[in-house]
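Summary of structural features
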Protein chains: 2
Amino acid sequence: MIRPEWIAADWGTTNLRIWAMDGDRILESRSSSDGMGVLKPDQYPAVLARVIDGWGKAPVIACGMVGSRQGWREAPYTATPTLVSPHLVAVPGQDVWIVSGVKQMDPPDVMRGEETQIAGLLKRMPTFSGTVCLPGTHTKWVRVEDGEIISFQSFMTGELYSLLSNHSVLRHSVGEGDDPAEFMRAVKEALADPTASFGRLFQLRAGGLVGDLMREKAGDRLSGLLIGWELASAKRYWDEHEVMVIGAPRLFALYHEALQGIGAASSVMSGEDATLAGLCAAWSNLKDTL
Amino acid sequence: MIRPEWIAADWGTTNLRIWAMDGDRILESRSSSDGMGVLKPDQYPAVLARVIDGWGKAPVIACGMVGSRQGWREAPYTATPTLVSPHLVAVPGQDVWIVSGVKQMDPPDVMRGEETQIAGLLKRMPTFSGTVCLPGTHTKWVRVEDGEIISFQSFMTGELYSLLSNHSVLRHSVGEGDDPAEFMRAVKEALADPTASFGRLFQLRAGGLVGDLMREKAGDRLSGLLIGWELASAKRYWDEHEVMVIGAPRLFALYHEALQGIGAASSVMSGEDATLAGLCAAWSNLKDTL
């Protein structure tokens, strides 16, 4: 019989990942495809009860899109500059707390979920100052200094890659990439001349029609062009700052490779580890107030 | 009773537009949604027979994706530099000719349909030399000199706009634009700093969440950013060359506005007029050989 002290939840748009916790120790983990995208606000209590069935009663701390306006209960954004320490909003009538996202007013930007991963990074490396890069659908570049999120910027790189490779004319020409050297050539090409990159997208299609560009190579070139383009646009974040890349293994590997390839200093941390460490930091704060 | 001398067809991916012609004179026009995208090669004869029902027998000249590898019969590309005069490929056993597309080997690029519009432009303005801009799903910039297509480049601007505004997270934030001044500001902003534009896309979403960015204004900004970005990348085509913009009215108006706004010399021609004039030029050549 598992009796968690508390329960950690990463409740995003498409998935729910949940852990039975004893302090910082994982007792058991479960997951479900009941993401925010398919739930109405009044469905959350039943989904949660089903997913934690057998774990008994324990406080739940959740991060991610569960706290958006379309989620269970809106956990309003805190505004930059803001302490990295997670800010919690209670769900009325439930033993559940949701982590607030972070907003920036000018230029406008938002994050929800990444703030918890940054809190996890600082739990592991309390003195970290520098840039955090969180690749994903909307990659975030974040300046962290003295325990505060100072500023950040989101890039639609992941979503663009997915749209272009699955839903544009390039879907006929772009396959899974497999050649790190080809990827790196495209990163450097786009970084050296990001303006010209815009005109290189259609060439991934035409190169297969009139030339001998293979699907795999086109895939390496597409992700290299987009990431190189993003790196050009985010240069102030990685130029002269140490970068910590936090994300899913395949994605953080690509960004780490690209950053190393252009001579920037970067380290990596697993996105799941960071999320869980951030939720542990939130629990440390919350338990003293219960 | 209509008895055309010949029949002109613009047979694209999603639509078929067809005209009963007497020399350069239109007797009647019809259209159908039987585009290349929904037809198998053996279905074309029946669709054509149905659409021209009552017009009697007459030679048909068709341009567009009907001549692609996935179309009725492949009309192989001619390679740049190539005469603007339409190159025709006969469909065996049919009184039908298809206009060849144009390819460029390095950098790789292709067009199919636009070559007919450029032939139409030269039928109307035989001495035209300069740049032709053909906005659409994949906007083409083409250098035309002394009756030849010298070189060209395609940009995925139209498809990117459609994907971003309908299928990305921006679909929640981007509506139909309605403010030419806002559009022009975004064009100039992107042209002045195309590298930064990549990071301004997500701001169209965040600006609505944490600020007061309206859907219409976000729509103007999205099309302005993408077109400004394209103009930066295609600069060698419009800088010091007169530009003829050929396309659908709403689209050519946007490009004409953008080009005028940045001080480039541009004129416009209706895409449908250009296609028909190009098919007329093809008929002039073909009829002497029948």
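Everything quoted here is computed from the prediction, not taken from an experiment. (Residues numbered from 1 in each chain as written. Chains lettered and ligands numbered in written order. Predicted model: local features only at pLDDT ≥ 70, side-chain atom pairs only at ≥ 80, totals over all residues. Heavy atoms only, no water.)

Examining the pattern of salt bridges
What counts, and what does not: Here, a salt bridge means any Lys or Arg side-chain nitrogen found within 4 Å of an Asp or Glu carboxyl oxygen. Labels follow the DSSP assignment, with helices taken as runs of H or I lasting at least four residues and strands as runs of E lasting at least two, numbered in each case from the N terminus. Whether a residue is buried, partly exposed or exposed follows from its accessible area with a 1.4 Å probe, protein chains only, as a fraction of its type maximum: under 20%, in between, or over 50%, in that order.
Taken as a whole, this structure holds 24 salt bridges over all chains when the rule is applied. Between K217 of chain A and E182 of chain A there is a salt bridge, with its nearest N and O atoms 4.0 Å apart. Of this pair, K217 of chain A sits in helix α7 (residues 215–233) while E182 of chain A sits in helix α4 (residues 180–192), and the two are 35 residues apart along the sequence. You can call K217 of chain A partly exposed: its relative accessible area is 38%. Residues D34 of chain B and R50 of chain B are paired through a salt bridge, measuring 2.7 Å at the closest nitrogen-oxygen approach. Of this pair, D34 of chain B sits in the loop between β3 (25–32) and α1 (44–51) while R50 of chain B sits in helix α1, and the two are 16 residues apart along the sequence. Note on D34 of chain B: relative accessible area 17%, which makes it buried. Salt bridges sharing partners connect three or more residues here, namely E182, R185 and K217 of chain A.

Re the packing of helix α7 (residues 215–233) of chain B against helix α9 (residues 249–261) of chain B
Residue and element names in this part refer to chain B. Applicable threshold: Axis lines are fitted to C-alpha atoms, over the contacting stretch for helices. Their N-to-C directions set the angle, which ranges from 0 to 180 degrees. With respect to orientation, any angle under 35 degrees is reported as roughly parallel, any angle over 145 as roughly antiparallel, any angle of 65 to 115 as roughly perpendicular, and every other angle as oblique. Crossing handedness is read from the near helix: turned anticlockwise from the far helix by less than a right angle, it gives a left-handed crossing, and turned clockwise, a right-handed one. Throughout, a contact is declared for two residues whenever any of their heavy atoms are within 4.5 Å. Note that Gly is not counted as nonpolar here; it falls among the polar residues with everything else outside the nonpolar set of Ala, Val, Leu, Ile, Met, Phe, Trp, Tyr, Cys and Pro and the charged set of Asp, Glu, Lys and Arg.
Axis separation between α7 and α9 bottoms out at 11 Å; the angle between their running directions is 60°. Our classification of the angle between α7 and α9 gives oblique. Read as a crossing pair, α7 and α9 show a hand that is right-handed. Packed against α7, whose contacting residues are I227, E230 and L231, the element α9 presents L254, Y255, A258 and L259 at the interface. In terms of residue class, the contact of α7 with α9 is made up of six nonpolar, no polar and one charged.

Focus: the relation of the copies chain B and chain A
Rules: When the copies are superposed, the least-squares fit draws on C-alpha atoms of residues that have pLDDT of at least 70 in both.
Once chain B has been moved 0.1 Å along the axis and rotated by 180°, it coincides with chain A to within an RMSD of 0.1 Å. Here the transformation between the copies is reduced to the relation of a two-fold axis. Relative to the rotation axis, the closest C-alpha in chain B is found at T195 of chain B, a distance of 3.1 Å. Comparing contact sets, 100% of the residues at the interface of chain B also lie at the interface in chain A, consistent with an isologous, same-surface contact.

Details of the confidence of the model for chain A
To keep it simple, the criterion reads: For every residue, the pLDDT score states the predictor's confidence, bounded by 0 at the bottom and 100 at the top.
Chain-level pLDDT for chain A is 96 on average; 100% of the residues reach the 70-or-more range. Predicted complex, confidence summary: ipTM 0.92, pTM 0.93.

As for the packing of aromatic side chains
Worth spelling out the cut-off: A pair of Phe, Tyr and Trp rings is counted when the ring centres sit within 6.5 Å of each other, with Trp represented by its six-membered ring. The angle between the planes then sorts it: under 30 degrees is stacked, over 60 is edge-to-face, the rest tilted. Two conditions define a charge sitting above a ring: the NZ of Lys or the CZ of Arg must be within 6 Å of the ring centre, and it must be within 35 degrees of the ring normal.
Applying the stated criterion to the full structure yields 17 aromatic pairs over all chains. With 5.5 Å between their ring centres and 10° between their planes, W6 of chain A and W283 of chain A make a pair best called stacked. Of the two residues, W6 of chain A is situated in strand β1 (residues 6–11) and W283 of chain A in helix α10 (residues 271–287); the sequence distance between them amounts to 277 residues. In this pair, the class of W6 of chain A matches that of W283 of chain A, namely buried. Taken together, the aromatic side chains of F155, F198 and W229 of chain A together with F155, F198 and W229 of chain B make up a single cluster linked through ring pairs. Stacked on the ring of Y77 of chain A, the Lys or Arg R112 of chain A has its end atom at 4.5 Å from the ring centre.

A short note on the sheet that holds β3 of chain B
Residue and element names in this part refer to chain B. For clarity, the threshold we go by: A strand pair is defined by DSSP finding two or more bridges across the two strands.
With respect to topology, six strands assemble into an open sheet ordered β3-β2-β1-β4-β8-β7, the strand pairing being mixed. Lying at the two open borders of the sheet, with one neighbouring strand each, are β3 and β7 (88–91). Geometrically, the sheet is characterised by an average inter-axis angle of 25° between neighbouring strands, direction not taken into account. In this fold α1 packs onto β1 (6–11), β2 (16–22), β3, β4 (60–63) and β8 (96–99), with an angle of close to 55° to the strand it touches most, β2.

Topic: the pairing of strand β7 (residues 88–91) of chain A
Residues and elements named next belong to chain A. Burial along β7 is one-sided: V89 and V91 are buried, and none of L88 and A90, which face the opposite way, are. Bridge analysis of β7 against strand β8 (residues 96–99) gives four bridges, and the strand direction is antiparallel. For V91, the partnering residue across the bridge sits in β8 and is V96.

Things to note about the pairing of strand β15 (residues 266–270) of chain B
Residues and elements named next belong to chain B. Put simply, the rule reads: Handedness of a crossover is defined as follows: orient the strands so they point away from the viewer, and if the path from the first strand over the helix to the second runs clockwise, the crossover is right-handed.
Both strand β14 (residues 243–247) and β15 contribute to a ladder of five bridges, which runs parallel. The partner of V243 across the bridge, within β15, is S266. This β-α-β element, β14 to α9 to β15, shows right-handed connectivity.

Quick look at the interface of chain B and chain A
The accessible area lost on association of the parts is a frequent measure of interface size. The line we're drawing: Put simply, buried area is how much 1.4 Å-probe accessible surface two parts lose in total, over both of them, once they are put together. Two N or O atoms count as a polar contact when they lie within 3.5 Å, although within protein this holds only if one can serve as hydrogen donor and the other as acceptor, and sequence-adjacent residues are included solely when both atoms are side-chain atoms.
With 41 residues of chain B in contact, the opposing surface of chain A contributes 41 residues. Together, F198, F202 and V210 of chain B form the three largest contributors to the area buried by chain B at its contact with chain A, with a combined 21%. Between the two partners, chain B and chain A, sit zero salt bridges. Summed over the shared surface of chain B and chain A, the number is six residue pairs in polar contact (both at pLDDT 80 or more). Of all elements in the fold, only β9 (102–104), β10 (109–111), β13 (148–155), α3 (157–167), α5 (194–197), α6 (203–210) and α7 of chain B reach the threshold of two or more residues within the side of chain B that touches chain A. At six residues, α3 of chain B tops the list of elements feeding residues into the side of chain B that touches chain A. Broken down by class, the residue content of the side of chain B that touches chain A amounts to 23 nonpolar, twelve polar and six charged.

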